[in-house]
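# Working through the structure, step by step
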Amino acid sequence: MESFAPDRGQRNSFYEALQNSTSIDLRDNRGKSHKMSLVLLGVIVALLRGKDGKMSVIHRSMSKKQVALCASLDIDNESVISRSHLPIFMKSVDTEVFGDLVFRHFGVKLVVTAKRWIAIDRKELRGSILHGNTRGDAVVQAVTHDKREVYSQNYYNGSKDSERPAVETLL
């Protein structure tokens, strides 16, 4: 049985499109230590591998596949971006241009909620913890990073329930 192996040009077309796009990189030209095209390709590979949108999961996937990714692109192995720098780095990406490139090459359209970060936060409600208990009524909020406003919220009793079902209903 014959195996199908695309030629180098076909394999690297998305990477080359990222490299040739001048409007996707919004960073200042001073002190650039990571290639925008390689980092974004690592993020896309992580998402196409079925990883969810959590930065830790995406970064872990990028770390595991960095050597294979560099080898398949026929470039020297470069260090993967740090987990703490990845969200800062992603803020300097023009999401409209990036979304257009992803759609052209993979047929996947990035929706508006995928283009912005949403944090989930839990807080115990003041005065709800009874004497002798460690938990009480709590609120779970989804907060947008760009405007820092509450996107959605849900309540649960922390002494009886887990916060997981409340978070799942938010998502």
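Here, every reference points to the structure presented above.
What you see is a predicted model, and the numbers here were worked out from it, not measured in a lab.

Conventions used here
Residues numbered from 1 in each chain as written. Predicted model: local features only at pLDDT ≥ 70, side-chain atom pairs only at ≥ 80, totals over all residues. Heavy atoms only, no water. Core = buried A, V, L, I, M, F, W, Y, C linked by side-chain atoms within 4.5 Å. Buried < 20%, exposed > 50% of the residue type's maximum accessible area, 1.4 Å probe, protein only. Helix = DSSP H or I, 4+ residues; strand = E, 2+ residues; numbered from the N terminus. Pairing = 2+ DSSP bridges. Expected span 1.5 Å × (residues − 1). Contact = heavy atoms within 4.5 Å. Polar contact = N/O pair within 3.5 Å; in protein donor to acceptor, adjacent residues only side chain to side chain. Axes fitted to C-alpha atoms, helices over the stretch in contact; angles between N-to-C directions. Parallel < 35°, antiparallel > 145°, perpendicular 65-115°, else oblique. Left-handed = near helix turned anticlockwise from the far one by under 90°. Nonpolar A, V, L, I, M, F, W, Y, C, P; charged D, E, K, R; others polar.

Here we come to the nonpolar core. Counting residues in hydrophobic clusters, the biggest one holds 28 residues, and the most contacted among them are Phe 14, Leu 18, Ile 24, Leu 40, Leu 86, Met 90 and Phe 98. Listed by contribution, the elements that provide at least two residues to this core are α2 (13-20), α3 (36-48), α4 (55-72), α5 (86-90) and α6 (95-106). Counting residues per element, this core draws most heavily on α3, which supplies 8 residues. Ala 138, Ala 142, Tyr 156 and Leu 170 belong to the second largest nonpolar core, which has 7 residues in total.

Next up on the list: the pairing of strand β3 (residues 150-157). With 7 bridges joining them, strand β2 (residues 137-144) and β3 adopt antiparallel strand pairing. Residue pairing across strands places Gln 141 opposite Gln 153, the latter belonging to β3. Between β2 and β3, which pair antiparallel in sequence order, lie 5 residues; one of them, Arg 148, sits at a positive phi of approximately 55°.

Look at α6: 16 Å from first C-alpha to last across 12 residues, which is about the 16 Å you get at 1.5 Å a residue. Considered for burial, the residues of α6 that qualify are Val 97, Phe 98, Gly 99, Leu 101 and Val 102. Of the surrounding secondary structure, the elements contacted by the buried residues of α6 are α2 and α3. Between the side-chain oxygen of the N-cap and the backbone nitrogen of Glu 96 there are 3.3 Å, and the N-cap of α6 in question is Asp 94. Positioned one or two residues after α6, Gly 107 has a phi angle of 75°, which is positive.

Moving on, we get to the packing of α2 against α3. Their axes nearest at 9 Å, the elements α2 and α3 cross at an angle of 135°. On the basis of their axis angle, the class for α2 and α3 is oblique. Regarding α2 and α3, the two cross each other, and that crossing is right-handed. Contacts between α2 and α3 involve Phe 14, Tyr 15, Leu 18 and Gln 19 from the first element and Ser 37, Leu 38, Leu 40, Leu 41 and Ile 44 from the second. When its residues are assigned to classes, the contact of α2 with α3 shows 7 nonpolar, 2 polar and no charged.

What follows deals with the pairing of β2. With 7 bridges connecting them, strand β1 (residues 118-124) and β2 associate as antiparallel partners. Within the sheet, the bridge partner assigned to Lys 123 lies in β2 and is Val 139.

Right, let's get into the environment of Asp 52. Following the sequence through the fold, Asp 52 ends up in the loop between α3 and α4. For Asp 52, a relative accessible area of 36% corresponds to the partly exposed category. Once you skip the residues sitting within four places of it in the chain, Asp 52 turns out to touch Leu 47, Val 57 and Ile 58.

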